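Architecture at a glance
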Amino acid sequence: MKFPGVSYNSKPQGEGNITTAIEMKGKNSCLVLAESENEGKGQTSASAKASRILLENYLRRPSLGDEAMKQLANFANDGIFAMQSPQFRTHCSAGALFIHKDSYRFLGFGTVRAFHFVNGQIMHAYPEKPTESLGTRQHIDAITQPSAKFGKGENSFLICSANFAGAITPDELEESLAEATTAEHWMTILRNLFERKAGADEEYSLSVLFMPKKKERPSKRKTVIAIVVILALLAAAFLGMGALRRSQGPGPGQEGMPGMPGMPGMPGGMPGIGAPASPTPPAPPESAMPM
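First, a word on scope: everything that follows refers to the structure included in this document. No experiment lies behind these values; they were computed from the predicted model shown.

With that settled, consider the pattern of salt bridges. Counted under the stated rule, the structure contains four salt bridges. Residues Glu-132 and Arg-137 are paired through a salt bridge, measuring 2.9 Å at the closest nitrogen-oxygen approach. Look at Glu-132 and you get partly exposed, because its relative accessible area is 25%. Here Arg-137 falls in the partly exposed class, since its relative accessible area comes to 35%. Among the salt bridges present, the one from Lys-197 reaches Glu-172, with a minimum N-O distance of 2.9 Å. Within this pair, whereas Lys-197 is found in helix H5 (residues 183-198), its partner Glu-172 is found in helix H4 (residues 170-179), the two being separated by 25 residues in sequence.

Pairing is antiparallel across the open sheet formed by five strands, whose spatial order is E1-E11-E10-E6-E7. Looking along the sheet, the strands with just one partner apiece sit at the ends: strand E1 (5-9) and strand E7 (121-126). Sheet twist, expressed as the mean angle between neighbouring strand axes with direction ignored, is 15°. Pairing geometry for strand E6 (residues 113-118) and E7, over five bridges, is antiparallel. Paired with His-116 across the bridge in E7 is His-124. Contacts between H5 and the sheet are confined to E1, E6, strand E10 (155-160) and strand E11 (205-211), with E11 contributing the most and set at about 150° to the helix.

A few words on helix H1 (residues 46-60). Between its terminal C-alpha atoms H1 stretches 21 Å, which fits the 21 Å expected from 15 residues at 1.5 Å a residue. By the burial criterion, the buried members of H1 are Ala-46, Ser-47, Ala-50, Ser-51, Ile-53, Leu-54, Leu-55, Tyr-58 and Leu-59. Where H1 is buried, its residues touch strand E2 (18-25), strand E3 (28-37), helix H2 (66-81), strand E4 (91-100) and strand E5 (103-109).

Over its 16 residues, H2 runs 22 Å from end to end, which matches the ideal 22 Å to within 8%, given 1.5 Å per residue. Taken together, the buried positions of H2 are Ala-68, Met-69, Leu-72, Ala-73, Ala-76, Asn-77, Gly-79 and Ile-80. For H2, the angular spread of buried residues about the axis comes to 165°, placing them on one side. Of the exposed residues in H2, the ones pointing more than 90 degrees away from its buried face are Glu-67 and Lys-70.

For the rest of this paragraph, the subject is the nonpolar core. As a rule of thumb, soluble globular proteins bury nonpolar side chains together. With 26 residues, the main nonpolar core has Leu-54, Phe-98 and Leu-134 as its most contacted residues. When residues of this core are traced back to their parent elements, those giving at least two are E3, H1, H2, E4 and E5. If you tally residues by element for this core, the top one is H1, at seven residues. In contact with Phe-98, other than residues within four places in its own chain, are Ser-29, Cys-30, Leu-54, Tyr-58, Leu-64, Met-69, Leu-72, Ser-103, Tyr-104, Arg-105 and Leu-107.

Attention now goes to the environment of Arg-113. Secondary-structure assignment places Arg-113 in strand E6. Once you skip the residues sitting within four places of it in the chain, Arg-113 turns out to touch Ala-125, Tyr-126, Pro-127, Leu-158, Ile-159, Cys-160 and Ala-165. There is a polar contact of 3.2 Å between the side chain of Arg-113 and the backbone oxygen of Tyr-126.

What follows deals with the packing of aromatic side chains. Tallied over the entire structure, the rule returns 12 aromatic pairs. Ring plane angle 25° and centroid distance 5.4 Å describe the contact between Phe-164 and Phe-194, whose orientation is recorded as stacked. Linking Phe-164 in helix H3 (residues 162-167) with Phe-194 in helix H5, this pair joins segments that are 30 residues apart in sequence. By relative accessible area, which is 1% here, Phe-164 ends up buried. Of the residues examined, Phe-194 reaches a relative accessible area of 1% and is grouped as buried. Taken together, Tyr-104, Phe-106, Tyr-126, Phe-150 and Phe-157 form an aromatic cluster joined through their ring pairs.

A word on the environment of His-116. You can see His-116 is positioned in strand E6. Sequence separation between His-116 and Gly-151 is 35 residues; the distance between their C-alpha atoms is 9.7 Å. Sequence-distant contacts of His-116, that is, excluding residues within four places in its chain, are made with Tyr-104, Gln-121, Ile-122, Met-123, His-124, Lys-149, Gly-151, Asn-155, Ser-156 and Phe-157. At 3.0 Å, the side chain of His-116 and the side chain of Tyr-104 are in polar contact.

Conventions we followed
Residues numbered from 1 in each chain as written. Predicted model: local features only at pLDDT ≥ 70, side-chain atom pairs only at ≥ 80, totals over all residues. Heavy atoms only, no water. Salt bridge = Lys/Arg side-chain N within 4 Å of Asp/Glu carboxyl O. Buried < 20%, exposed > 50% of the residue type's maximum accessible area, 1.4 Å probe, protein only. Helix = DSSP H or I, 4+ residues; strand = E, 2+ residues; numbered from the N terminus. Pairing = 2+ DSSP bridges. Axes fitted to C-alpha atoms, helices over the stretch in contact; angles between N-to-C directions. Contact = heavy atoms within 4.5 Å. Expected span 1.5 Å × (residues − 1). Arc of directions from axis to C-beta. Core = buried A, V, L, I, M, F, W, Y, C linked by side-chain atoms within 4.5 Å. Polar contact = N/O pair within 3.5 Å; in protein donor to acceptor, adjacent residues only side chain to side chain. Phe/Tyr/Trp six-rings, centres within 6.5 Å; stacked < 30°, edge-to-face > 60°.

In structure tokens form, the structure reads like this:
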């Protein structure tokens, strides 16, 4: 199956202060976008480090539980905090969409935005308000929304930098998705839209993901009812066939069985049932028995 997601950075990875990461492993997917602030030149990008920590740790042990989200937040914050120096108090905004089977959960720090679409309509937008970035303090409270189920139909996701979300309206996002046929096509539409409104020199990043259409499974109750109806129809068919045979009487050649007395067309009888058995001849005297 072709991978249904694609990412874009306006600058090559490692050259700007924004890093995107997207990966699918089995029934688990992860979209991460991180934007670093006030980092020293020549050191590993804080945005790249935060993205790698969130993605790799989630895919190693996928879980959407509260404890798993807290651990991921602590791992990412510790990683950024360890990069800081007296000269550079590096911070990092980051957002991650973690997907497991037909459920997902958003984990966010700072200003990164995420959107969930169902059948082309925005169902959820995260976060509702900005929070503190990674590295702001040693112990951080991340914004994590409760896990949510996919809606019936086509599910799509977008995660983007704050400047991208600020330039594109919700109506424009929905219109772009309605026009798109693939993840790559949607990405092209969004890029052209942003650069036309904000200019080609503005640094921005985004990732999009098209999920396969969710198939509605019949409920257990519906399955049981269907089985009962099928069995009832089969039973009615068997009873109807039996009644039809009885109304038509015996068919040709089935008037009776040989040897059964009282049944027409069957002379004689079977010994021990309807006709007397042939007498058993007396045993010869011992003297007549051959030696």
